[in-house]
2 protein chains.
Amino acid sequence: MDLPHLRYFLAVVDRGSIKAAAASAGVTEPSVSQGIRALEHELRTLLFRRIGRGMVPTSAGHALVGPARRLLRDIASAGGSVTDTDSRLRGQLTIQGRPRFSLGCHE
Amino acid sequence: MDLPHLRYFLAVVDRGSIKAAAASAGVTEPSVSQGIRALEHELRTLLFRRIGRGMVPTSAGHALVGPARRLLRDIASAGGSVTDTDSRLRGQLTIQGRPRFSLGCHE
DNA sequence: CTGCGTTACGGTTTGCGTAACGATC
DNA sequence: GATCGTTACGCAAACCGTAACGCAG
């Protein structure tokens, strides 16, 4: 599963059209269309119903919205956590030891 | 950020070595090594301290462990949510309308 | 000398953009 | 006719595996 594709998916859900989603994501329309297709193929489920020129989420599409939002939020959280930790001034003393003799104390 | 790379990262943290992590992930050692390098380059932070032949997580590495685990858990949750919704039998009537006349009611 | 991590290199996959087509209003 | 979504095609980037190197024990 590709993260950009998941971003495209949420953009389409929010904007309601591929054109607007592509513009907001900074890519072209075929990229979004193919990305949605890749997601649908990977999940083996139809995510949108093509009605006229609009994109309406199916029940599976609706089910994916929540987890997808949480996932992208966690991505930012993951990236931020390391930079926060790094910016905060702190020291660390790393001491690595290896057992020279095993005494039957295996984990 | 690539999901497989994040998986490699957690595998290295858990196993403590690249060789074991590669074996558990079903790939070869250079893939894991390059994946970790890619993560470190993208986050512009050193994730591991190379001590002898062991891999010890830095403070930034430790900070990434929690969010990374939650992220991979959410991935599975996202994939499962759509299949669960799909397997459950349910109907849906989609009615899509477009405003024919704008009356100053814009969101 | 053995084992582990890294680097170099080639192959393959695939995501993206440009261009052209079909469908809807 | 205008606009939106899709398909076709070519390119580029990136991931992975094989092979070779450096280094610690």
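As shown above, the structure is provided for reference.
Residues numbered from 1 in each chain as written. Chains lettered and ligands numbered in written order. Predicted model: local features only at pLDDT ≥ 70, side-chain atom pairs only at ≥ 80, totals over all residues. Heavy atoms only, no water.

**Student:** Sorry, what's going on with the nonpolar core here?
**Tutor:** Nonpolar side chains in soluble globular proteins generally cluster together in the buried interior. Core analysis: the largest hydrophobic core is formed by 52 residues, its most contacted members being Phe9(A) and Phe9(B). Of all elements in the fold, only α1 (3-15), α2 (18-25), α3 (29-43) and α4 (59-87) of chain A together with α1 (3-15), α2 (18-25), α3 (29-43) and α4 (59-87) of chain B reach the threshold of two or more residues within this core. Contacts of Phe9(A), omitting those with residues within four sequence positions, involve Ile36(A), Leu39(A), Leu47(A), Phe48(A), Gly61(A), Leu64(A) and Val65(A). (Core = buried A, V, L, I, M, F, W, Y, C linked by side-chain atoms within 4.5 Å. Buried < 20%, exposed > 50% of the residue type's maximum accessible area, 1.4 Å probe, protein only. Helix = DSSP H or I, 4+ residues; strand = E, 2+ residues; numbered from the N terminus. Contact = heavy atoms within 4.5 Å.)

**Student:** I tried to follow the packing of aromatic side chains on my own but got confused; where do I start?
**Tutor:** The description of two aromatic rings rests on the distance between their centres and on the angle between their planes. All names here are of chain B. Counting across every chain of the model gives 2 aromatic pairs over all chains. When the ring of Phe 9 is compared with that of Phe 48, the centres are 5.5 Å apart and the planes differ by 55°; the resulting orientation is tilted. One end of the pair, Phe 9, is in helix α1; the other, Phe 48, is in strand β1 (residues 48-51), with 39 residues separating them in the sequence. For the pair formed by Phe 9 and Phe 48, the shared burial category is buried. (Phe/Tyr/Trp six-rings, centres within 6.5 Å; stacked < 30°, edge-to-face > 60°.)

**Student:** Can you help me understand the packing of α1(A) against α2(A) in this one?
**Tutor:** The description of two helices packed together rests on the angle between their axes and the distance between the axes. Residue and element names in this part refer to chain A. Contact pair α1 / α2: the axes reach a minimum separation of 8 Å and the direction vectors enclose 125°. With respect to each other, α1 and α2 are oriented oblique. Between α1 and α2 lies a crossing of right-handed hand. Residues Tyr 8, Ala 11, Val 12 and Arg 15 of α1 pack against Ile 18, Ala 20, Ala 21, Ser 24 and Ala 25 of α2. (Axes fitted to C-alpha atoms, helices over the stretch in contact; angles between N-to-C directions. Parallel < 35°, antiparallel > 145°, perpendicular 65-115°, else oblique. Left-handed = near helix turned anticlockwise from the far one by under 90°.)

**Student:** Looking at this model, I keep getting lost on the protein's contact with DNA strand D. Mind explaining?
**Tutor:** Around DNA strand D there are 19 residues in total, and Lys19(A), Ser33(A), Arg50(A), Tyr8(B) and Ser31(B) lie nearest to it. Among atoms of DNA strand D positioned within 4 Å of the protein, sugar and phosphate together represent 83%. At a separation of 2.8 Å, a phosphate oxygen of DNA strand D approaches a polar side-chain atom of Tyr8(B). Ser31(B) places a polar side-chain atom, nitrogen or oxygen, 2.6 Å from a phosphate oxygen of DNA strand D. Counting only elements with at least two residues in the surface near DNA strand D, the list comes to α2 and α3 of chain A together with α1 and α3 of chain B. Looking at the surface near DNA strand D, the element that brings in the most residues is α3(A), giving 4 residues. The residue makeup of the surface near DNA strand D, split by class, is 5 nonpolar, 6 polar and 8 charged. (Near = heavy atom within 4 Å. Polar contact = N/O pair within 3.5 Å; in protein donor to acceptor, adjacent residues only side chain to side chain. Nonpolar A, V, L, I, M, F, W, Y, C, P; charged D, E, K, R; others polar.)

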